[in-house]
Amino acid sequence: MFEHRSSHPILIQEVGPRDGFQIEDCFIPTADKIDLIDALSLCGLAKIEVTSFTSPKAIPALADADEVMRGIRRVPGVVYTALVPNLRGAERALAANTDELNLVMSASETHNLLNLRMTREQSVARLLKVVDLARGTGAALNVSISTSFGCPMEGAVPEATVLGLAERFLARGVGGITLCDTTGMAHPGQVASLCGAFRARFPEAELTAHLHNTRGLGLSNALAAVEAGVVRFDASLGGLGGCPYAPGATGNVCTEDLVHLFQAMGVPVAVDLPRLLAAARGLPELVGHDVPGQVLHAGRSQDLHPVPASLEAIRARAEA
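Model, not experiment: these values are computed from the prediction.

A. Examining the overall build of the protein chain more closely. A count of helical and extended segments in the protein chain gives 14 helices and eight strands. Taking 2.2 N^0.38 as the reference for a compact globule, 320 residues should give roughly 20 Å; the C-alpha atoms of the protein chain span a radius of gyration of 20 Å, in line with that estimate. Within the span of the protein chain, comprising 320 residues, buried residues form 53% of the whole. Residue pairs at least 24 apart in sequence account for 73% of intrachain contacts in the protein chain once pairs closer than 6 positions are excluded.

B. Looking closely at the nonpolar core. If you look at the biggest cluster of nonpolar residues, it comprises 92 residues, and the most contacted ones within it are Ile12, Leu101, Phe198, Phe233 and Phe262. Sequence-distant contacts of Ile12, that is, excluding residues within four places in its chain, are made with Leu45, Ala46, Lys47, Phe233, Thr255, Leu258, Val259, Phe262, Val269 and Val271.

C. Region of the structure containing the pairing of strand β7 (residues 206-210). Of all five residues making up β7, four are buried, and the element is well covered by its neighbours. With five bridges joining them, strand β6 (residues 176-180) and β7 adopt parallel strand pairing. For Thr178, the partnering residue across the bridge sits in β7 and is Thr208. The sheet contact formed by β7 and strand β8 (residues 232-235) spans three bridges and is parallel. When the bridges of β8 are listed, His210 appears paired with Asp234.

D. A look at the pairing of strand β3 (residues 79-84). Of all six residues in β3, five are buried, a share of seventy percent or more. Two strands pair when backbone bridges link them, and strand β2 (residues 47-52) and β3 are joined in this way by five bridges, in the parallel orientation. Bridging across to β3, Ser52 finds its partner in Leu83. In the classification by handedness, the crossover that spans β2, the intervening helix α3 (residues 65-71) and the parallel β3 is right-handed. Alignment of β3 against strand β4 (residues 100-106), held across four bridges, turns out to be parallel. Note on β4: the bridge partner recorded for Ala82 is Leu101. One crossover worth recording links β3 to the parallel β4 by way of helix α4 (residues 87-95), and it is right-handed.

E. How the structure looks around the packing of aromatic side chains. One pass over the structure, following the stated rule, counts two aromatic pairs. Between Phe233 and Phe262, the aromatic rings sit 5.6 Å apart at their centres with planes inclined by 55 degrees, giving tilted as the arrangement. Note that Phe233 is positioned in strand β8 and Phe262 in helix α10 (residues 255-264), a separation of 29 residues in sequence.

F. Quick look at the state of the cysteines. Enumeration over the complete set of coordinates arrives at zero disulfides. Residue Cys195 stays outside any disulfide, its sulfur separated by 11 Å from that of Cys180, the closest cysteine.

G. Geometry of helix α8 (residues 188-201). With 14 residues, α8 extends 20 Å between its outermost C-alpha atoms, agreeing within 8% with the 20 Å of an ideal straight helix rising 1.5 Å per residue. On its buried side, α8 packs onto α7 (159-170), β6, β7 and α9 (218-227).

H. Molecular detail of the sheet that holds β6. Read around the barrel, eight strands follow the order β1-β2-β3-β4-β5-β6-β7-β8 and close on themselves; strand pairing throughout is parallel. Strand-to-strand twist across the sheet, computed as the mean angle between neighbouring axes with direction ignored, equals 25 degrees.

I. Examining the environment of Val191 more closely. With respect to the helices and strands, the residue Val191 is situated in helix α8. On a C-alpha basis, the gap between Val191 and Asp181 in space is 9.1 Å, while along the polypeptide they are 10 residues apart. Among all residues touching Val191, those that are not within four sequence positions of it are Phe149, Ala186, Gly196, Asn221, Ala224 and Ala225.

So, how was this worked out
- Residues numbered from 1 in each chain as written.
- Predicted model: local features only at pLDDT ≥ 70, side-chain atom pairs only at ≥ 80, totals over all residues.
- Heavy atoms only, no water.
- Helix = DSSP H or I, 4+ residues; strand = E, 2+ residues; numbered from the N terminus.
- Rg over C-alpha atoms; globule rule 2.2 N^0.38 Å.
- Buried < 20%, exposed > 50% of the residue type's maximum accessible area, 1.4 Å probe, protein only.
- Contact = heavy atoms within 4.5 Å.
- Core = buried A, V, L, I, M, F, W, Y, C linked by side-chain atoms within 4.5 Å.
- Pairing = 2+ DSSP bridges.
- Right-handed = clockwise from strand over helix to strand, strands pointing away.
- Phe/Tyr/Trp six-rings, centres within 6.5 Å; stacked < 30°, edge-to-face > 60°.
- Disulfide = S-S within 2.5 Å.
- Expected span 1.5 Å × (residues − 1).
- Axes fitted to C-alpha atoms, helices over the stretch in contact; angles between N-to-C directions.

Take it as geometry only, folks, not as evidence of what the structure does.
And the structure:
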């Protein structure tokens with residue numbers, strides 16, 4: 001039987017404005033990005049990944065990172081984070097008053113080379129320079145370890161490799177680690193094992209699970225992570241997102257679907273689902289196509305439908 005063992009409520013961290021928008025074919029206007037983030041800020045989310053301070057040539061969809069981060073209305077209690085790939089990105093993020101720098105590398109050597117054009121050791125060295133730069137600025141630091149649950153080129157990634165990378169960053173003062181199912185290869189047993197091992201080895205670290213629904217296991221994996229003691233989850237509004245360097249790795253776990261699951265099961269999560277759904281309804285027009293979120297289309301399970309007017313006639317015939 002499912003059990004939420006932690007005394008802490010589940011915290012939902014929205015990544016759609018970065019992870020979702022970065023692979024869209026159309027450029028989302030800056031003002032629309034800001035409006036969406038402002039709406040999400042009122043939904044009870046713990047953290048919002050606003051953008052990526054990557055080279056505009058690398059990710060043109062997020063070329064307006066500085067304007068977006070400076071233009072949003074900040075709500076007390078919400079952490080505004082951004083992906084930062086290098087020192088230059090960190091400098092831009094800090095200048096824009098970003099609350100948290102999210103540093104990224106892959107546990108898979110092949111994926112790291114394809115995605116970041118460097119070896120894992122080169123990535124560690126580069127990111128540790130960002131850690132040193134940020135020390136004393138007041139900005140929090142998180143490292144997202146991509147392909148923690150598998151690489152489509154290499155296959156399974158040993159737990160020891162993932163935990164070893166995490167340890168190197170935590171030892172240098174990084175406060176949070178995100179274990180990313182970048183390619184949607186994870187299954188519940190694997191999620192329970194790696195997340196449980198992480199919690200046992202680093203009980204004081206802030207652990208986030210970043211799950212994808214590529215093979216339909218996203219919500220099942222989330223439940224397995226909760227049972228292993230995870231209380232922080234990345235999710236993307238509408239289920240937008242995916243990795244351009246992982247064949248077939250379609251969208252992230254959908255934010256509103258994940259919140260609906262937890263609330264339906266009585267797991268404490270302080271997110272305003274109706275307000276979140278209102279924000280999601282504007283996504284198809286914003287991105288120019290339908291989105292995969294299920295609750296957006298079907299409604300909440302507790303949303304009842306009116307009884308058809310024909311019911312009494314049907315009842316009368318049945319009882320005749």
